[in-house]
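Close look at the chain arrangement
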Amino acid sequence: MQKLANLVGGSLQPSLSAHELEVWEPAVGQVYASAPQSDAADVEAAVATAQTAFTTWRETPSSERARLLHRLADLIERDLEAFAAAESRDTGKPLSLARSLDIPRSIANLRFFAAAATQFASESHAMEDGAVNYTLRQPHGVVGCISPWNLPLYLFTWKIAPALAAGNCVVAKPSEVTPVTAAMLAERSIEAGFPAGVLNILHGGGAVGGAIVAHPQIRAISFTGGTTTGRHIALAAAPLFKKLTLELGGKNPSIVFADCDFEAAVTGVVRSAFANQGEICLCSSRVLVERSLYPRFREAFVERVRALRVGDPLEPDTDQGALVSAAHYGKVMGAVATARKEGGKILCGGEPAQVHAARCAKGWFLQPTVIEGLAASCETNQEEIFGPVATLLPFEDEAEALAIANGTAFGLATSLWSRDVQRCHRMAAQLESGLVWINTWLLRDLRTPMGGTKHSGLGREGGFEAMKFFTEPKNVCLKY
Ligand code: NDP
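Numbering of residues starts from 1 in each chain and follows the order in which that chain's sequence is written. Totals for whole chains, interfaces and linings use all residues, but because this is a predicted model, local features are given only for residues with pLDDT of at least 70 and pairs of side-chain atoms are given and counted only at 80 or more. Excluding hydrogens and water, the side-chain values take into account all heavy atoms of the structure.

Here's the deal with the packing of helix H2 (residues 62-78) against helix H6 (residues 180-192)
Where H2 meets H6, the closest approach of the two axes is 9 Å, and the angle between their N-to-C directions is 125°. Here H2 lies oblique to H6, going by the angle between them. Note on packing geometry: the crossing formed by H2 with H6 is right-handed. In this structure, H2 contributes Leu68, Arg71, Leu72, Leu75, Ile76 and Arg78 to the contact, and H6 contributes Leu185, Arg188, Ser189, Glu191 and Ala192. In the contact of H2 with H6, the residues fall into six nonpolar, one polar and four charged. Between N-to-C directions, angles span 0 to 180 degrees; the directions come from axes that are lines fitted to C-alpha atoms, helices contributing only their stretch in contact. Every helix listed is a DSSP run of H or I at least four residues long, and every strand listed is a run of E at least two residues long, numbered separately from the N terminus. Reported orientations rely on four angle classes, namely roughly parallel under 35 degrees, roughly antiparallel over 145, roughly perpendicular from 65 to 115, and oblique for the rest. By definition, any crossing whose near helix is turned counterclockwise from its far helix by less than a right angle is left-handed, and any crossing with a clockwise turn is right-handed. Contacts were defined at the residue level, with two residues in contact if any of their heavy atoms lie within 4.5 Å. Each residue gets one of three labels, nonpolar for Ala, Val, Leu, Ile, Met, Phe, Trp, Tyr, Cys and Pro, charged for Asp, Glu, Lys and Arg, and polar for the others, Gly among them.

See below:
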């Protein structure tokens, strides 16, 4: 059985208590690895070594920080197959997806912020009466990065790369549900030659995350996860005046107008609802369709969803793998039961999926599920499900589409499908949503701000937004 280790002070080690937690393989429903069950004492040790390392890391030229991030990217690229296999095994997602999306995008994150380290600049403001202001942007010191289980290495690197590029030392925690690729990254960071203490990785449950948030010497927290956890973190961080970015949940709409490119819209919306088992914060779970197109769209959509192959993540033709854990599987099945209770009509799915591969007999597989006939205000259409479940909702006109789209507590991502360019721009401006895609979905440019409004989060990451978050601006005014 694989035994994972923490990374503290440049060396791989167990938690100080030597307690371990089990790591499960979702596709087979069995334990296959163990990870350190760290606690506040491990956070204390990691912060101490990070603070020591910061005295030299903050003075390290940005070109050297960039070189190390590129070197780490090179090593992951060298071992891409091993990383993809580990990510698929740990999450239950198709190996083909881990190979084409998770790991390449993790490498891209490291390379992007390696470049950002050398490109980041700050402002200067000249005054007419003989003075000039310039803004220093200095690293905070030790920062905390806490990431979820759905895109483990992708979101882990999305945080640690800008934090390190900006000159901070990091105490990071991956989800206890999917710790393996972060442990592999820890090994590669040693091989890459990162100085001891610059990057520390602690495994363990929410309690370690809580200890990171509460630690007085950790100056900023970058968190991606659920809205409830985000609320706990905001409460804990507020009295300490910590900087926070919170990338939280969503209840994202896809809005399909009758004048859309029909084929592109059906293909795009199926992907946006069911990619990665629907376990992407940006997935659309509410599909709003203009009433005149509704019957035709519903028929084509359901047919395409029925054709998705649920199967062993290792098989190359699998579209949808297993859900990440027994607990999450139970939560998603519970949401389907709620939809039934609310009077929803299940157009397809709604039951456990039978998977051919014998090894997957005890895995957590669910049929991709489409539901219609529910009010926009019901629980199913208001609460995040975060699984392969989408609802269909007809609308009459732009105003109604907008009201339904904006009518939840969340505001993360929307995709619009229409050939009417003016309408798309008009809608984009009025949507309460951190991201709007027009005739596409999940097309990401790493320079753009990423994050949500309302209960979907606080602050933005991505591009120089992330570099700004991980630095403290200081204005210097010089009179001459
Ligand atoms: P959680 O909020 O359960 O966990 C996220 C991370 O926080 C994990 O590492 C978790 O540890 C840790 N954690 C748990 N409790 C605490 C605490 N009290 N203090 C500090 N850290 C804590 O989210 P999930 O892992 O279940 O991820 C799914 C959620 O993430 C969904 O709601 C999804 O929408 C959201 N998400 C948002 C994204 C965005 O960019 N807006 C992107 C991706 C996902 P552990 O797992 O070990 O308990």
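As for the packing of aromatic side chains
Centres within 6.5 Å are what make two rings of Phe, Tyr or Trp a pair, Trp counting through its six-membered ring; a difference in plane orientation under 30 degrees is then read as stacked, over 60 as edge-to-face, and the rest as tilted. A full pass over the atoms with the stated rule returns twelve aromatic pairs. Summarising the aromatic geometry, the rings of Trp24 and Trp364 are spaced 6.2 Å apart at their centres and angled 45° between planes, so their arrangement reads as tilted. You can see Trp24 sitting in strand E4 (residues 20-25) and its partner Trp364 sitting in the loop between strand E15 (345-348) and strand E16 (369-372), a full 340 residues away along the chain. Residue exposure (1.4 Å probe, protein chains only): buried if accessible area is under 20% of the type maximum, exposed if over 50%, otherwise partly exposed. Since its relative accessible area comes to 37%, Trp24 is described here as partly exposed. We classify Trp364 as buried; its relative accessible area is 13%. Chaining the aromatic ring pairs together yields one cluster made of Phe262, Phe274, Phe297 and Phe301. In this analysis the charged atom, NZ for Lys or CZ for Arg, is taken to sit over a ring once it is within 6 Å of the ring centre and within 35 degrees of the ring normal. A cation over a ring is seen here: Arg296 above Phe262, with NZ or CZ 3.7 Å from the ring centre. It is Arg423 that lies over the ring of Phe257; its NZ or CZ is 3.9 Å from the centre.

Concerning the site of the ligand
It suffices for a single heavy atom of a residue to lie within 4 Å of a molecule or strand for the residue to be listed as near it. Neighbouring residues of the ligand: 29 residues in total, closest Trp149, Thr229, Leu248, Cys281 and Glu384. At 3.2 Å, a backbone N or O of Gly204 approaches an oxygen atom of the ligand. With respect to the ligand, the side chain of Thr229 contributes an N or O atom lying 2.6 Å from an oxygen atom. Under the convention used here, a 1.4 Å probe and the Shrake-Rupley method define accessible areas, while residue burial counts only the protein chains that appear. In isolation the ligand offers 900 Å² of accessible surface; the protein chains occlude 86% of this area. Here the term cavity refers to a set of points on a 1 Å grid, laid over the protein atoms alone, in which a 1.4 Å probe fits but cannot get out; the term pocket refers to an open set having protein on both sides within 12 Å along at least five of seven lines, with lining residues being those that place an atom within 4 Å of a point. In this description, a molecule resides in a pocket or cavity if more than half of its atoms sit within 2 Å of the grid points defining it. With respect to the detected pockets, the ligand is housed in the largest pocket. Of all elements in the fold, only helix H7 (206-214), strand E11 (218-224) and helix H8 (227-237) reach the threshold of two or more residues within the shell around the ligand. Counted as a polar contact is a pair of N or O atoms within 3.5 Å, where, for protein atoms, one must be capable of donating a hydrogen and the other of accepting one, and residues adjacent in sequence contribute only when both atoms are in side chains.

A look at the nonpolar core
Residue types Ala, Val, Leu, Ile, Met, Phe, Trp, Tyr and Cys, when buried and joined through side-chain atoms within 4.5 Å, form a set referred to as a nonpolar core. Grouped together as the largest cluster of nonpolar side chains are 101 residues, with contacts concentrated most on Ile76, Val170, Leu185, Phe194 and Leu282. Sequence-distant contacts of Val170, that is, excluding residues within four places in its chain, are made with Val143, Cys145, Ile160, Ala163, Leu164, Val198, Leu199 and Asn200. With 25 residues, the next largest nonpolar core counts Val256, Phe297, Ala390 and Leu392 among its residues.

Section: the pattern of salt bridges
In what follows, salt bridge is the name for a side-chain nitrogen of Lys or Arg lying within 4 Å of a carboxyl oxygen of Asp or Glu. This model, assessed by the stated rule, comprises 25 salt bridges. Between Asp79 and Arg78 there is a salt bridge, with its nearest N and O atoms 2.9 Å apart. Given a relative accessible area of 16%, Asp79 falls into the buried group. Residue Arg291 pairs with Glu396 through a salt bridge whose shortest N-O separation is 2.5 Å. Pair noted here: Arg291 is in the loop between strand E14 (284-290) and helix H10 (294-306) and Glu396 is in the loop between strand E17 (389-395) and helix H12 (398-406), with a separation of 105 residues, a long-range link. In this structure, a network of salt bridges that share partners links the residues Arg78, Asp79, Glu187, Arg188 and Glu191.

Some details on the pairing of strand E8 (residues 142-146)
Within E8, five of the five residues are buried, which leaves it mostly tucked inside the rest of the structure. Neither face of E8 is left uncovered, since the one carrying Val142, Gly144 and Ile146 and the one carrying Val143 and Cys145 both have all their residues buried. Taken together, the five bridges between E8 and strand E9 (residues 169-173) define a ladder with parallel strand orientation. Looking at E9, one finds that Cys145 is bridged to Ala172. With helix H5 (residues 152-165) bridging E8 and the parallel E9, this β-α-β connection has right-handed handedness. When DSSP finds two or more bridges between a pair of strands, those strands are recorded as paired. As paired strands, E8 and E11 are joined by five bridges and run parallel to one another. Residue Val143 lies in a different strand from E11, and its bridge partner there is Ala220. Consider the strands pointing away from the viewer: the crossover is right-handed when the path from the first strand over the helix to the second runs clockwise.

Some points on H6
Since the α-helix advances by 3.6 residues per turn, residues separated by three or four positions end up pointing in the same direction. A helix is expected to span 1.5 Å for every residue after the first. With 13 residues, H6 ought to run about 18 Å at 1.5 Å a step, and its terminal C-alpha atoms sit 18 Å apart, in line with that. With respect to burial, H6 is a largely interior element, ten of its 13 residues being buried. Gly193, located one to two residues past H6, shows a positive phi value of around 95°.

Here's the deal with the sheet that holds strand E21 (residues 471-479)
Strands sit in the order E6-E7-E21 across an open sheet of three strands; the sheet is antiparallel. In this open sheet, the two edge strands, each paired with only one partner strand, are strand E6 (124-127) and E21. The sheet shows a mean angle of 20° between the axes of neighbouring strands, taken without regard to direction. Examined bridge by bridge, E6 and strand E7 (residues 131-139) share four bridges and lie antiparallel to one another. Following the sheet pairing, His125 is matched in E7 by Asn133.

Focus: the packing of helix H3 (residues 80-91) against H6
Orientation of H3 relative to H6, taken along the N-to-C sense of each, is 150°, at an axis distance of 8 Å. The orientation of H3 with respect to H6, classified from their angle, is roughly antiparallel. Each of Ala82, Phe83, Ala86, Glu87 and Asp90 in H3 lies in contact with H6, whose residues at this interface are Val180, Thr181, Met184, Leu185 and Arg188. Residues of the contact of H3 with H6, tallied by class, amount to six nonpolar, one polar and three charged.

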